[in-house]
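# Examining the three-dimensional arrangement
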Amino acid sequence: QVQLVESGGGSVQAGGSLRLSCAASGYTHSSNCMGWFRQAPGKEREGVAFIYTGGSSTSYVDSVKSRFTISQDNAKNTVYLQMNSLKPEETDMYYCAAGGSAYLGRACGTMNWVPSRFDFDYWGQGTQVTVSS
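Calculation criteria
Residues numbered from 1 in each chain as written. Predicted model: local features only at pLDDT ≥ 70, side-chain atom pairs only at ≥ 80, totals over all residues. Heavy atoms only, no water. Disulfide = S-S within 2.5 Å. Helix = DSSP H or I, 4+ residues; strand = E, 2+ residues; numbered from the N terminus. Buried < 20%, exposed > 50% of the residue type's maximum accessible area, 1.4 Å probe, protein only. Phe/Tyr/Trp six-rings, centres within 6.5 Å; stacked < 30°, edge-to-face > 60°. Lys NZ or Arg CZ within 6 Å of the ring centre and 35° of its normal.

### What about the state of the cysteines?
- For the structure shown, the criterion picks out two disulfides.
- Each sulfur in the disulfide pair C22 and C96 lies 2.0 Å from the other. Across the S-S bond linking C22 and C96, the dihedral sits near -85 degrees, which makes this disulfide left-handed. Note that C22 is positioned in strand β3 (residues 18-26) and C96 in strand β9 (residues 92-99), a separation of 74 residues in sequence. We note that C22, like C96, is buried.
- Shown here is the disulfide that connects C33 with C108, its sulfur atoms set 2.1 Å apart. Here the S-S torsion is close to 70 degrees, and the disulfide linking C33 with C108 is therefore right-handed. Of the two residues, C33 is situated in strand β4 (residues 33-39) and C108 in the loop between α1 (102-107) and β10 (122-123); the sequence distance between them amounts to 75 residues. For the residue pair C33 and C108, the accessibility class agrees, reading buried in each case.

Okay, here's the thing in structure tokens:
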């Protein structure tokens, strides 16, 4: 099993920045893709940014490109999401996710990949991000 713990959420003004962290523990070798989803009440969970943990390939939803950066520290088994120029509409609960499969090994971090929540086996508890105008 893999356990995921998020941290770094909080409240910022529009245009501000936050850095989220996701610390993984357990049998992390079973996963080859980690990333972040976000969800507002009553809306679908949206994939935000993903990284192929066996390398350095990354992918982002179009709305956050050039503003968000996902990265990893392999020694610490931690994935980060640097979020800059935050917008009020990005007030959401942000969830870290991890999964391992042949499909993810091929798709994770590619430019045209549309991730599904069902591709991932492990989830953190979520961290709230609030952006005020």
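Having seen the model, we can carry on.
### Focus on the packing of aromatic side chains
- Under the counting rule described, the total for this entry stands at seven aromatic pairs.
- Ring geometry for F37 and F120: centres 5.5 Å apart, planes at 80 degrees, overall edge-to-face. Residue F37 is located in strand β4, and its partner F120 is located in the loop between α1 and β10; the two are separated by 83 residues in the primary sequence.
- The exposure class of F120 is buried, given its relative accessible area of 5%.
- Here F50 and W113 contribute two aromatic rings whose centre-to-centre distance is 5.2 Å and whose plane-to-plane angle is 70 degrees, an arrangement assigned as edge-to-face. Of the two residues, F50 sits in strand β5 (residues 46-52) while W113 sits in the loop between α1 and β10, which places them 63 residues apart along the sequence.
- Grouping aromatic residues by their ring pairs yields a cluster made of F37, F50, W113, F120 and W123.
- Note that R45 overlies the ring of W123, its terminal NZ or CZ placed 4.9 Å from the centroid.
- One Lys or Arg, R117, reaches over the ring of F118 and ends 5.9 Å from the middle of that ring.

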